[in-house]
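Chain by chain, the residues run as shown.
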Amino acid sequence: MEPDLRSRWRGQPGRLEVWYTTLTDPVTGTGVWIHHELVAPSDGGDPWGHGWVAVFEPGAPPVLERFGPEPWSAPDAGFTCGAVRYDGALVGRGGAVSWELDSGGPDRTLHTFPRWAWRRELLPAAQVVPRPAARYSGVVRVGNRELVLRDAPGADARIYGHGNAQRWGWLHADLGDGEVCEVVAAVSMRPGLNRLPPLPLVRFRLGGGGTGTRDWPVDPLLAAVGLRARLRPDGFEVRGRVGRRRVAITVDLPADETVEVDYRDPDGARLLCRNSERATARIELLRGSAVERSWCLGGVAHAEVGGFR
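Scope of this entry: the structure provided in the associated data block. (Residues numbered from 1 in each chain as written. Predicted model: local features only at pLDDT ≥ 70, side-chain atom pairs only at ≥ 80, totals over all residues. Heavy atoms only, no water.)

**A short note on the overall build of the protein**
Looking only at helices and strands, the protein features 2 helices and 20 strands. For 309 residues, the compact-globule estimate of 2.2 N^0.38 gives 19 Å, and the protein sits close to it at 18 Å. The principal-axis extents of the C-alpha atoms in the protein amount to approximately 55 × 45 × 40 Å. Expressed as a percentage of contacts within the protein between residues at least 6 apart in sequence, the contacts between residues at least 24 apart total 58%. Accessible area for the protein stands at about 13000 Å²; split by element, carbon and sulfur atoms hold 51% of it. Across the protein, the mean location of the 39 positive side-chain charges is 8 Å away from that of the 38 negative side-chain charges. (Helix = DSSP H or I, 4+ residues; strand = E, 2+ residues; numbered from the N terminus. Rg over C-alpha atoms; globule rule 2.2 N^0.38 Å. Contact = heavy atoms within 4.5 Å. Areas by Shrake-Rupley, 256 points an atom, 1.4 Å probe, with all protein chains shown as cover. Lys, Arg positive; Asp, Glu negative; His and termini not counted. Charge placed at Lys NZ, Arg CZ, Asp CG, Glu CD.)

Below is the structure:
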């Protein structure tokens, strides 16, 4: 198992560790979200694992099911919670939904936050994408319906830190041909920092899978100084300048294809997130007034807004 997918928790109280997978079936347009959490309470209580799975079938209300909580069993790698496990393969059941998926071989981690933020844990929390251009095969069952997946595009991502942000927006956009865009725009929960506007971290992987592949901006935290984000209950926008380029990103969550999930942070605070694996994203890179690259993802972007403490 790749190092960035292994559990990082070492017994400290007040920690949150997340493994989450999102994908889109290229045949039916169905989106799938599998979210696994390890929660270590701030008061030193026993840690537990829990999570949820959501299936977004076009033309039908999304289906959301939960699993856990179960005592944390400290697996050698990845995540376990009862019958649910993530150890490179994804297997489990939550309510009427079950899944057996394989995400293929290793990928090169995309660091939405700087690499040092993930490795050294110097920020309140950090997110990385160990498999930014994964291709999933297997089966997802919803009641008596069966969705068979073959090379469905998606990603495996991670979060580790002291808890969720106070407010946030997130986007994973598969741009095709091995290119991706990842965005995390968040307001920290730390006193003082929680009065600042959302800090948008944007990272592209451009150039496909060949030797010309590069991750841009080089330093997403430094680049965030030139960007501004506006969060709203049904999406968010990011605008600004990075070097000689301008960035324009608009994300919209469709009202009838979005789920709301309530849960708690390690400190006991109640949170709410709104997620859609059938979101729309419009992304532009511009030089001056000229559009250098642009993408429009209708119903295949993976996005979330959350917090609302």
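Back to the write-up after that little detour.
**Looking at the sheet that holds strand β3 (residues 48-56)**
Strands belonging to one sheet form pairs held by backbone hydrogen bonds; the direction of such a pair is parallel or antiparallel. The strand order across the open sheet built from 10 strands is β4-β3-β2-β1-β10-β9-β8-β7-β6-β5, with neighbouring strands paired in antiparallel fashion. At either margin of the open sheet sits one strand with a lone partner, and together these are β4 (63-71) and β5 (79-81). For this sheet, the mean angle separating the axes of adjacent strands, direction not counted, is 20°. In this structure, strand β9 (residues 125-142) lies alongside strand β10 (residues 145-161), joined through 13 bridges in antiparallel fashion. Looking across to β10, one finds that Arg141 is bridged to Glu146. (Pairing = 2+ DSSP bridges. Axes fitted to C-alpha atoms, helices over the stretch in contact; angles between N-to-C directions.)

**Examining the side chain of Glu2**
Tracing the sequence through the fold places Glu2 in the segment before β1 (15-24). Looking at Glu2, its side chain comes within polar contact range of the side chain of Arg131, at 2.8 Å. Beyond its immediate chain neighbours, meaning those up to four positions away, Glu2 contacts Pro106, Asp107 and Arg131. (Polar contact = N/O pair within 3.5 Å; in protein donor to acceptor, adjacent residues only side chain to side chain.)

**Comments concerning the pairing of strand β18 (residues 259-264)**
Of the two faces of β18, only the one carrying Val259, Val261 and Tyr263 is buried; Glu260, Asp262 and Arg264 on the other face are not. Where β18 lies against strand β19 (residues 270-287), 6 bridges are found, and the strand directions are antiparallel. Within the sheet, the bridge partner assigned to Val261 lies in β19 and is Cys273. Joining the antiparallel neighbours β18 and β19 is a turn of 5 residues, in which Gly268 adopts a positive phi near 90°. (Buried < 20%, exposed > 50% of the residue type's maximum accessible area, 1.4 Å probe, protein only.)

**Looking at the packing of aromatic side chains**
Within this structure, the stated rule accounts for 10 aromatic pairs. Both rings, one in Trp52 and one in Tyr263, keep their centres 5.1 Å apart while their planes meet at 50°; by these two values the pair is tilted. You can see Trp52 sitting in strand β3 and its partner Tyr263 sitting in strand β18, a full 211 residues away along the chain. Judged by its relative accessible area of 6%, Tyr263 falls in the buried class. Their ring planes at 50° and their centres at 5.6 Å tell us that Trp72 and Phe79 sit as a pair that is tilted. Summarising the burial analysis for this pair, Trp72 and Phe79 share the class buried. The rings of Trp19, Phe67, Trp72, Phe79 and Trp99 are connected pair by pair, giving a single aromatic cluster. Of note, Arg245 hangs over the ring of Trp216, and the distance from its end group to the ring centre comes to 4.8 Å. (Phe/Tyr/Trp six-rings, centres within 6.5 Å; stacked < 30°, edge-to-face > 60°. Lys NZ or Arg CZ within 6 Å of the ring centre and 35° of its normal.)

**Brief notes about the pairing of strand β8 (residues 97-102)**
For strand β7 (residues 89-94) and β8, the ladder comprises 6 bridges, and the chain directions are antiparallel. Across the sheet, the residue bridging to Arg93 is Ser98, located in β8. Hairpin connection between β7 and β8: a loop of 2 residues separates the two successive antiparallel strands, and Gly95 in this loop has a positive phi of roughly 55°. In this structure, β8 lies alongside β9, joined through 6 bridges in antiparallel fashion. Opposite Ser98, over in β9, you have Arg141 as the bridge partner.

**Regarding the layout of surface pockets**
The volume enclosed by the largest pocket comes to roughly 810 Å³. What lines the largest pocket is a set of 38 residues, among which Phe113, Ala165, Val184, Ala186 and Val187 lie closest to the centre. Mapped by element, the contributors of at least two residues to the lining of the largest pocket are β1, β2 (31-40), β9, β11 (167-176), β12 (179-187), β13 (199-206) and β15 (227-232). Within this model, the second largest pocket holds a volume of roughly 190 Å³. In terms of lining residues, the second largest pocket is bounded by 13 residues, among which Thr30, Val55, Glu57, Arg145 and Leu147 are the most central. Taken together, the elements giving at least two residues each to the lining of the second largest pocket come down to β9 and β10. (1 Å grid on protein atoms, 1.4 Å probe; cavity = no way out; pocket = protein on both sides within 12 Å on 5 of 7 lines; lining within 4 Å. Points joined across faces, edges and corners; volume = space filled by probe spheres on them.)

Any functional reading would require information beyond the geometric quantities listed.
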